[in-house]
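Observations on the model geometry
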Amino acid sequence: MAAIEPNVAGLAIFAGLWTAACLGFLVLSGMFPASTRPAGARQAGGRALVLVNSLLWLALAAAALVYGYANLRLTSLIVVGGLVLLFAPAPFDLLPTSFRDGRRGLAALVALQATALAVWAAIPGGGGALI
């Protein structure tokens, strides 16, 4: 494996960050445009969750890509990023529709994305170097 990608730990971290970003994208893609949102996301609390999730998603996607670009070979970044993007819908489809389209799911996504950003900020070579 070292001949393919010497930084296996960095590859696993990137895969985790990118998986969280891809799941966030899948959830948020069902929330736009606002007129087609599920009923739970149309209420005031749901709108706020969609906004917070959108901002967290932008930060997480950028953080994952910056981390991967700085710590991995470009070929590893492309291959693993593509595989995650390809297979991310599988766990998303296992979630019940009420969870995917409701405020509980949006709140869980906030927790997932915030945790992923906290991990990124705490790891060497991650966001702690920028702060």
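Remember, it's a predicted structure, so these values are computed and weren't measured experimentally. (Residues numbered from 1 in each chain as written. Predicted model: local features only at pLDDT ≥ 70, side-chain atom pairs only at ≥ 80, totals over all residues. Heavy atoms only, no water.)

Moving on: helix α4 (residues 74–87). With 14 residues, α4 extends 20 Å between its outermost C-alpha atoms, agreeing within 8% with the 20 Å of an ideal straight helix rising 1.5 Å per residue. When we look at burial in α4, the residues that qualify are Ser76, Leu77, Val80, Gly81 and Val84. Seen end-on, α4 carries its buried residues on one side only, within an arc spanning 110 degrees. Those residues of α4 that are exposed and angled more than 90 degrees off the buried face are Leu74, Thr75, Ile78, Leu85 and Leu86. Where α4 is buried, its residues touch α1 (8–29) and α3 (44–71). (Helix = DSSP H or I, 4+ residues; strand = E, 2+ residues; numbered from the N terminus. Expected span 1.5 Å × (residues − 1). Buried < 20%, exposed > 50% of the residue type's maximum accessible area, 1.4 Å probe, protein only. Arc of directions from axis to C-beta. Contact = heavy atoms within 4.5 Å.)

With that settled, consider α1. Between its first and last C-alpha atoms α1 spans 31 Å; for 22 residues at 1.5 Å apiece the expected length is 32 Å, and the two agree. Inspection of α1 places Gly10, Leu11, Phe14, Leu17, Trp18, Ala20, Ala21, Cys22, Leu23, Gly24, Val27 and Leu28 among the buried residues, and these make up the whole buried set. Looking at the packing, one finds that the buried side of α1 touches α3, α4, α5 (89–94), α6 (97–100) and α7 (103–122).

Turning next to the layout of surface pockets. Its volume calculated, the largest pocket comes out at about 180 Å³. What lines the largest pocket is simply Leu23, Val27, Pro91, Phe92, Leu95, Phe99, Arg100, Gly105, Leu106, Ala108, Leu109 and Leu112. It is α7 that provides the largest number of residues to the lining of the largest pocket, a total of five residues. Among the residues forming the lining of the largest pocket, the class breakdown is 10 nonpolar, one polar and one charged. (1 Å grid on protein atoms, 1.4 Å probe; cavity = no way out; pocket = protein on both sides within 12 Å on 5 of 7 lines; lining within 4 Å. Points joined across faces, edges and corners; volume = space filled by probe spheres on them. Nonpolar A, V, L, I, M, F, W, Y, C, P; charged D, E, K, R; others polar.)

Another point: the environment of Gly125. Inspection of the secondary structure puts Gly125 in the segment after α7. Taking C-alpha positions, Gly125 is 11 Å from Ile13, a pair spaced 112 residues apart along the chain.

On the surface, Val79, Leu83, Leu86 and Phe87 cluster together to form a nonpolar patch covering roughly 420 Å² of accessible area. With respect to the helices and strands, the residue Leu86 is situated in helix α4. Taking the relative accessible area as the measure of exposure, Leu86 reaches 57% and is therefore exposed. (Patch = residues over 30% accessible without salt bridge, like charges linked within 9 Å, V, L, I, M, F, W, Y side chains within 5 Å. Areas by Shrake-Rupley, 256 points an atom, 1.4 Å probe, with all protein chains shown as cover. Salt bridge = Lys/Arg side-chain N within 4 Å of Asp/Glu carboxyl O.)

Let us look at the environment of Ser98. Tracing the sequence through the fold places Ser98 in helix α6. The class of Ser98 is exposed, set by a relative accessible area of 54%. Sequence spacing of Ser98 and Val110 is 12 residues, and the spatial spacing of their C-alpha atoms is 17 Å.

Turning to the nonpolar core, a few remarks are in order. By size, the foremost hydrophobic cluster in this structure holds 23 residues, and its most contacted members are Phe14, Leu17, Trp18, Leu60, Tyr67, Leu117 and Trp120. Counting residues per element, the ones that place at least two in this core are α1, α3, α4 and α7. No other element matches α1, which puts seven residues into this core. Among the nonpolar cores identified, the runner-up in size contains nine residues, and Leu23, Leu28, Val50 and Leu109 belong to it. (Core = buried A, V, L, I, M, F, W, Y, C linked by side-chain atoms within 4.5 Å.)

The next point concerns the confidence of the model for the protein chain. With 95% of its residues at a pLDDT of 70 or more, the protein chain has an overall mean of 87. Predicted confidence in the protein chain is weakest over helix α2 (residues 39–42), with a mean pLDDT of 70, and strongest over α4, with 94. (pLDDT = per-residue confidence, 0-100.)

Attention now goes to the packing of aromatic side chains. Using the criterion set out here, one finds two aromatic pairs in the structure. Pairing Phe25 with Trp57 gives two aromatic rings, centres 5.8 Å apart and planes at 35 degrees, and the pair type is tilted. You can see Phe25 sitting in helix α1 and its partner Trp57 sitting in helix α3, a full 32 residues away along the chain. (Phe/Tyr/Trp six-rings, centres within 6.5 Å; stacked < 30°, edge-to-face > 60°.)

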